[in-house]
Amino acid sequence: MKILKKITLFILLFFAFYQQLFSQSSGLSNISVDYNNKPLADVLSDIEAKYKVHFFYKEEWLKDKLINVKADQVTIFEVMRLILKGTSLTFVYYKPYVILLKGDVEKDYPEIITKDSLSSENNKPIVLYTPTNREFRIVRPSKAEKGKTVRLTGKITERSTGEAVIGATVMVEELKLGVVSDVDGFYSIDVPGGNYTFIFSSLGNLPIKRNMEVASNKIFNVEMDQGIVQMDEVTIYGEAEDRNVSKADMSKTRLTIKAIKKMPAFMGEVDVLKSVTSLPGVTTVGEGSSGLNVRGGSVDQNLVLFDDAPLYNANHMFGLFSVFNPDVIKDVTLYRGSIPAQYGGRVSSVLDIRSKDVTAKKITGRGGLGLVASRLSLEGPVIKEKLTFLVAARGSWADPFLKLSKNKSIRNTSAYFYDINAKIDYKIDDKNKVFLSGYHGKDAFSFAADSIVSLEQNASPSEFEWENTNATLRWGHIFNKNLFSNVTAVYSNYSSSMRDSKDPVKYTIPSSIDYKSLKLDFTYIPNQFHKVDFGISSILYDINPPQLTPDSGSNIDSVKIASERGVESAIYINDEFEINHIFTLAGGIRYSDFMRLGEGKIYQYKEGQPLQSPMDSVYYGKNKVIDRFFGLEPRLSLKISITPESSVKMGYTRTRQYIQLISNTTSVVPSDRWKLADRYVLPQIGDQYAIGYFRNFLFNLIETSVEAYYKDIKNIKDYKNGSKLLLSEAIETDIITGKGRAYGVEFLIKKTKGKLTGWASYTYSKTEILANGQYDEEVVNEGQYYPANYDKPHFINVAINYQRNKRWNIAANFTYSTGRPISVPDSKYMINNVIVANFPERNNSRIPDYHRLDLSATVEPNHRKNKKWEGSWTFSIYNVYNRKNAYSVFFVNKEAYKLSVLGAAFPSITYNFKF
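Each chain carries its own residue numbering, running from 1 in the direction its sequence is written. Only residues with pLDDT of 70 or above have their local features reported here, since the model is predicted, and side-chain atom pairs are shown and tallied only from 80 upward, although totals for entire chains, interfaces and linings are computed over all residues. Side-chain measures were taken over the full set of non-hydrogen atoms in the model, leaving aside hydrogen atoms and water.

Trainee: Outline the packing of aromatic side chains, supporting the account with residue identities and numerical values.
Mentor: Two rings belonging to Phe, Tyr or Trp (six-membered ring only in the last case) form a pair when the distance between their centres is within 6.5 Å. Interplanar angles under 30 degrees mark stacking, angles over 60 mark edge-to-face geometry, and anything in between is tilted. The final tally for this structure, using the stated rule, is 22 aromatic pairs. Arranged with centres 5.8 Å apart and planes meeting at 70°, the rings of Tyr 187 and Phe 200 form a pair that is edge-to-face. Pair noted here: Tyr 187 is in strand β11 (residues 186-192) and Phe 200 is in strand β12 (residues 194-202), with a separation of 13 residues, a long-range link. Using a 1.4 Å probe on the protein chains alone, a residue whose accessible area is under 20% of its type maximum counts as buried, one over 50% counts as exposed, and one in between counts as partly exposed. Its relative accessible area of 3% is what places Tyr 187 among the buried residues. Classification of Phe 200 by relative accessible area gives buried; the value is 0%. Relative to Phe 417, the ring of Phe 321 lies with its centre 5.3 Å away and its plane at 45°, an arrangement referred to as tilted. Placement of the pair is Phe 321 in strand β22 (residues 321-322) and Phe 417 in strand β28 (residues 414-429), with a sequence separation of 96 residues. Of the two residues examined, Phe 321 and Phe 417, each falls in the buried class. Through pairs of rings, three or more aromatic residues link up here, namely Trp 869, Trp 873, Phe 875, Tyr 911, Phe 913 and Phe 915. Only Lys NZ and Arg CZ are tested; either one counts as a charge over a ring when it is within 6 Å of the ring centre and within 35 degrees of the ring normal. If you follow Lys 423 out to its NZ or CZ, it ends over the ring of Phe 435, 4.4 Å from the centre. A cation sits over an aromatic face here: Arg 741 above Tyr 785, 3.7 Å from the ring centre. Counting from the N terminus, the helices are the DSSP runs of H or I reaching at least four residues and the strands are the DSSP runs of E reaching at least two.

Trainee: An account of the packing of helix α2 (residues 40-50) against helix α3 (residues 76-84) is requested, with residue identities and associated values reported.
Mentor: Convention adopted: a line fitted to C-alpha atoms gives each axis, helices being fitted over their contacting stretch, and angles between N-to-C directions are expressed from 0 to 180 degrees. Running from amino to carboxyl end, α2 crosses α3 at an angle of 170°, the nearest separation of the two axes being 12 Å. Here α2 lies roughly antiparallel to α3, going by the angle between them. Every pair of crossing elements has a handedness; the one defined by α2 and α3 is right-handed. Taken together, the residues of α3 that come into contact with α2 (itself represented by Leu 40, Val 43, Leu 44 and Ile 47) are Val 79, Met 80 and Ile 83. In terms of residue class, the contact of α2 with α3 is made up of 7 nonpolar, no polar and no charged. Any angle that falls under 35 degrees is termed roughly parallel, while one over 145 is termed roughly antiparallel, one within 65 to 115 roughly perpendicular, and all others oblique. Here is the rule for handedness: rotate from the far helix to the near one, and if that takes an anticlockwise turn smaller than a right angle the crossing is left-handed, while a clockwise turn gives right-handed. By definition in these notes, contact holds between two residues if any of their heavy atoms fall within 4.5 Å. The classification used treats Ala, Val, Leu, Ile, Met, Phe, Trp, Tyr, Cys and Pro as nonpolar, Asp, Glu, Lys and Arg as charged, and all other residues, Gly among them, as polar.

Trainee: Could you give an account of the nonpolar core, naming the residues involved and the relevant values?
Mentor: Take the buried residues of types Ala, Val, Leu, Ile, Met, Phe, Trp, Tyr and Cys, join any two whose side-chain atoms come within 4.5 Å, and each joined set is a nonpolar core. Grouped together as the largest cluster of nonpolar side chains are 32 residues, with contacts concentrated most on Tyr 312, Phe 321, Tyr 541, Phe 594, Ile 659 and Trp 674. Elements with a contribution of two residues or more to this core: β28, β30 (463-478), β31 (483-500), β32 (507-527), β33 (530-544), β41 (659-662) and β42 (673-676). The element contributing the most residues to this core is β32, with 4 residues. Those residues in contact with Phe 594 that sit more than four places away from it in its chain are Tyr 541, Gly 566, Val 567, Glu 568, Asp 627, Arg 628, Phe 629, Tyr 658, Leu 676 and Ala 677. Of all hydrophobic cores here, the second largest spans 31 residues; its members include Met 263, Leu 292, Ile 353 and Ala 799.

Trainee: Got a sec to walk through the sheet that holds strand β19 (residues 302-306)? Specific residues and values, please.
Mentor: Any two strands between which DSSP finds at least two bridges are classified as paired. Pairing within the open sheet is mixed, and its 5 strands lie in the order β16-β23-β24-β19-β20. The sheet terminates laterally at β16 (252-256) and β20 (309-310), the two strands that pair on one side only. Judged from the 2 bridges that link them, β19 and β20 form a sheet pairing that is antiparallel. Looking at the pairing, Phe 306 lines up with Ala 309 of β20.

Trainee: Hey, could you go over the side chain of Asp 327 for me, with residue numbers and the actual values?
Mentor: Turning to its location among the elements, Asp 327 is positioned in the loop between β22 and β23 (329-335). Whenever two N or O atoms come within 3.5 Å, that pair is a polar contact, provided that in protein one can donate a hydrogen and the other can accept it, and provided that, for residues adjacent in sequence, both atoms are side-chain atoms. In terms of polar contacts, Asp 327 uses its side chain to reach the side chain of Arg 375, at 2.8 Å.

Trainee: Describe the environment of Thr 858, listing the residues and the values that go with them.
Mentor: By the secondary structure assignment, Thr 858 is in strand β54 (residues 850-859). In this structure the C-alpha to C-alpha distance between Thr 858 and Ser 876, which are 18 residues apart in sequence, comes to 8.6 Å. Apart from the residues within four sequence positions on either side, Thr 858 is in contact with Arg 807, Trp 808, Asn 809, Ser 872, Trp 873 and Thr 874.

Trainee: Tell me about the side chain of Arg 590, and name the residues and values.
Mentor: Tracing the sequence through the fold places Arg 590 in strand β36 (residues 583-597). As a buried residue without a salt bridge, Arg 590 has its nearest oppositely charged side chain in Glu 633, at a separation of 4.1 Å. A distance of 2.9 Å separates a polar side-chain atom of Arg 590 from the backbone oxygen of Ala 341. Setting aside residues no more than four positions away along its own chain, Arg 590 makes contact with Ala 341, Gln 342, Tyr 343, Gly 344, Ser 537, Ala 570, Ile 571, Tyr 572, Gly 631, Leu 632, Glu 633 and Arg 635. Working convention for charge: Lys and Arg count positive, Asp and Glu count negative, and His plus the chain ends are omitted. Any Lys or Arg side-chain nitrogen located within 4 Å of an Asp or Glu carboxyl oxygen qualifies as a salt bridge.

Trainee: How would you explain the sheet that holds strand β10 (residues 177-180) if you had to name every residue and give the values?
Mentor: In spatial order, the strands read β10-β9-β12-β13; together these 4 strands make up an open sheet with antiparallel pairing. Strands with a single pairing partner mark the edges of an open sheet, and in this sheet they are β10 and β13 (205-214). Across the sheet, the axes of successive neighbouring strands diverge by a mean angle of 20°, strand direction being ignored. Where β12 and β13 come together, 8 bridges link them in antiparallel fashion. Of the residues in β13, the one forming a bridge with Gly 194 is Val 214.

Trainee: Talk me through the confidence of the model for the protein; I want residue IDs and the actual numbers.
Mentor: Caution applies to low-pLDDT regions: their predicted coordinates should not be interpreted in detail. Residues at a pLDDT of 70 or more form 81% of the protein, whose mean pLDDT is 80. Each residue carries a pLDDT score, the predictor's confidence in it, ranging from 0 to 100. Taken element by element, the protein is modelled with least confidence in helix α10 (residues 452-457), mean pLDDT 37, and with most confidence in β20, mean pLDDT 96. Taken as a whole, residues 6-28 scores under 50 in pLDDT and shows 29 contacts with residues more than four places along the chain or in a different chain. Of the regions scoring below 50 in pLDDT, residues 137-146 engages in 43 contacts with residues more than four places distant in sequence or in other chains.

Trainee: I'd like a rundown of the environment of Ala 812, residues and numbers included.
Mentor: Looking at the secondary structure, you find Ala 812 in strand β49 (residues 808-817). When the C-alpha positions of Ala 812 and Asn 801 are compared, they lie 6.6 Å apart, and in sequence the two are 11 residues distant.

Trainee: So, the pairing of β54: which residues are in play, and what are the values?
Mentor: With 7 of 10 residues buried, β54 is to be regarded as a mostly interior element. Direction of pairing for β54 relative to strand β55 (residues 870-878): antiparallel, over a ladder of 5 bridges. Its bridge partner lying in β55, Val 859 is registered against Trp 873.

Trainee: Kindly report on a nonpolar patch on the surface, identifying the contributing residues and their values.
Mentor: Together, Ile 363, Leu 376, Leu 378, Val 391, Ile 420, Trp 869 and Phe 915 make up an exposed nonpolar region whose accessible area comes to about 590 Å². Within the element layout of this structure, Leu 376 appears in strand β26 (residues 373-383). With relative accessibility at 42%, the residue Leu 376 sits in the partly exposed group. Think of a patch as exposed residues, more than 30% relative accessible area, with no salt bridge, where like charges cluster within 9 Å and nonpolar side chains (Val, Leu, Ile, Met, Phe, Trp, Tyr) cluster within 5 Å. Per-residue and other accessible areas follow the Shrake-Rupley method at a 1.4 Å probe size, with only the shown protein chains counted as cover for residues.

Trainee: Give a detailed account of the pattern of salt bridges, specifying residues and quantitative values.
Mentor: Tallying each qualifying case throughout the model produces 35 salt bridges. The salt bridge involving Arg 295 is made with Glu 707; its shortest N-O contact spans 3.1 Å. Here Arg 295 is found in the loop between β18 (293-294) and β19, whereas its partner Glu 707 is found in strand β44 (residues 702-719), with 412 residues between them in sequence. The partner of Glu 379 in a salt bridge is Lys 356, with the nearest N and O atoms 2.8 Å apart. With Glu 379 in strand β26 and Lys 356 in the loop between β24 (349-355) and β25 (364-370), this residue pair connects regions lying 23 residues apart in the sequence. Note on accessibility: Glu 379 and Lys 356 belong to one class, buried. By sharing partners, the salt bridges in this structure join Asp 308, Asp 352, Arg 354, Arg 474, Lys 519 and Asp 521 into a single network.

Trainee: Break down unusual backbone geometry for me, citing the residues and quoting the values.
Mentor: Of note in this structure, Asn 781 is not a glycine but carries a positive phi near 50°. Looking at the secondary structure, you find Asn 781 in the loop between β46 (756-770) and β47 (786-787). Not every positive phi belongs to a glycine, and Asn 843 is a case in point at roughly 55°. Along the polypeptide, Asn 843 turns up in the loop between β52 (834-838) and β53 (845-846). Since its relative accessible area comes to 8%, Asn 843 is described here as buried.

Trainee: Could you give an account of α3, with specific residues and numbers?
Mentor: Listed as buried for α3 are Ile 76, Val 79, Met 80, Ile 83 and Leu 84. Along α3, the residues classed as buried sweep out an arc of 115° about the axis, all on the same side. Following α3 by one or two positions, Gly 86 adopts a phi angle in the positive range, close to 90°. What the arc measures is the spread of directions leading from the helix axis to the C-beta atoms.

Trainee: Tell me about the pairing of strand β58 (residues 906-914), and please be specific about residues and values.
Mentor: Here β25 pairs with β58 via 5 bridges, running antiparallel. Across the sheet, the residue bridging to Gly 370 is Thr 910, located in β58. Relative to β58, β55 runs antiparallel, the two sharing 9 bridges. Looking across to β58, one finds that Tyr 878 is bridged to Phe 906.

The following block contains the structure:
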């Protein structure tokens, strides 16, 4: 408890310290200037580019004025006094604006000048300086005619669809000041009261120019029309052009659905998860595999959220498709490091996927007809400008094509999936909005009896089913211009089953996870340079482990394993602010608390011996606390601006994971088992350290970055040799606890504008596990670090998009990676006339390296306004040069077999439409 008190005191002092730093930075930090016979207009532009300050003036005031001034580490007030000395100009400073005035202050500006304003309690005075060093006090008038800082807020949407426009730029022409709309299309900008020209622009939409007088806080919503001419630029990120340099967060990538649709399609359909795997630091174990491996993490160490609902298996057909229908997705954000404090429960990464806003003004539809899968969606208003709906369905028809195969095993294999999305948005008033979204998807897959996959997994089940069902209810409320809140209730269920229908051992093995959560989030924005997020959440887990249920007439016995229940609660705060024009600090703290609850029994084992056979058990009643774990999860990021085009960033993140996947496979399959933390299966704790250098060239046309990271993971789980995890009643006797480490470096170069866009990345990474327990059966590879199943040191990805004209878009993607580790036997021996392979070490070899080229071309229709139907064709080839990449290499009696999921080129065609 003393340690906890010390840590708590340190955190309180830390937050008090940097809040004090922020309060002291109300003015600009000292700056340095050196100008020799330089035009005044150029001087002001140069200061604007280097420091967080914006000038307001009339251009004719600056003509024929040359500046000779040199000063080192002085305030903006001193600099302006020196610059304006000998001119008739004066200036007023409203952070971060410097407003130039001309003429006699008392005579020409009587409406804002008062010498006795210091006695005013309602109007805070701001100092105005003149070249003669005479000092006046000006006050903000009751009407913001000149000088008063006011806030313009609103939401930017597309007129035809009503969807929020992410990353739209709002520029104030006179102030040379701009902001970017957020993931919900909202923007907020502070300006001195007056008349301005506002320019709203966004990729794919026609720009809007509005002259407005802003005298008080004002809401101004914008509807943008889609561009019907060839755009001059194509970007893959819905962010400010220089956010990779200017923001404190690192190891974060956001992809809009427009960017994802530019990438090569597999089986005629763009895929969210496959797009994510093209990013630095993200890999999979191979084709036909479920889940992601991010910076050396296992698949269960990634938190995949769809409208805040977690997905425990985000794939269809064992990873050939993802569960995300591209027609309902708005954007995707991946946090590989520097995870914000509002996220918890996983030690590797967070993939946050948001559905599109449903604000359409008329009934519209879209979809696609493909060779393997097709989709259709409808959206529109129920009550105009109040209640809108979205419904989408997708399904596959792979079976007819499998029947055409010359391979008997493939002909006898069956596979299909479907999913349904629905969403309702209800706008109560300008300050309250509610939405309800839901998802349900199902897969069914059956292998032929002689399938090599069944042989490779050494398992008898041949029929698999799995389902995801999610629902999210959110109420958003605006208290005022600075404070917002969201109340979110989430339900998620994942269920799976395996079945063997062969006589005489017919059986079914079902399992499921239930997730229920309630959370309250607040966002406080005191100004456009400072943002605070804070909130509280609670999660209830109910896990039904795999159960063996014999069919009628079967000659095997049933196996029942007790269910598990747990509650995970958390409270958090994030704060980000600019200390000065060089340093930006983002700090966060999360406190999480997990309680493993009854009803159930906990086995007891003899002390001083390995966990083998239970000696006894203790029974806990319903909702009684069995075990409890808690701890702080600090997060900290620092950005140091080197120049306006470059910066260095550093970050540290600690996370805790209370639910884990117990598996001896490399990919998520229905036979996997999820397990809540207890005294034997301790929660994982991850610490990640990262540093990166970010540099943009040619006015943000070219972005480059290099990031290095090191990650420690405590209480990582692996399996004992010869263990059978699926139906083990005492799962702790079949696993070992060790520690993991992952480290690497990621290089990225990206072109964001022009007809030819894209990026190339190279990642070097290592992921290793150390299992060196007290007893021999808890030691792997003689207590030395060994590669994890998903360790792939070298990874290269090149993604290119060429917009030939307004109708033709061509995309290419090339991927290369080191083969993943496997265990290779060195000898074989015979026991009771059965040949057994001998494996001297775990993961002592690798499968062949992986590489693949994909191509696609999309033909758009002729774009015309008010067109009721638009169709486009997408032609794609997956694995262009027929590379037979190995999914795995396995051994039967020391004989090696290679399994390739897609060992040939796979062409496809899809007709996409909207109406």
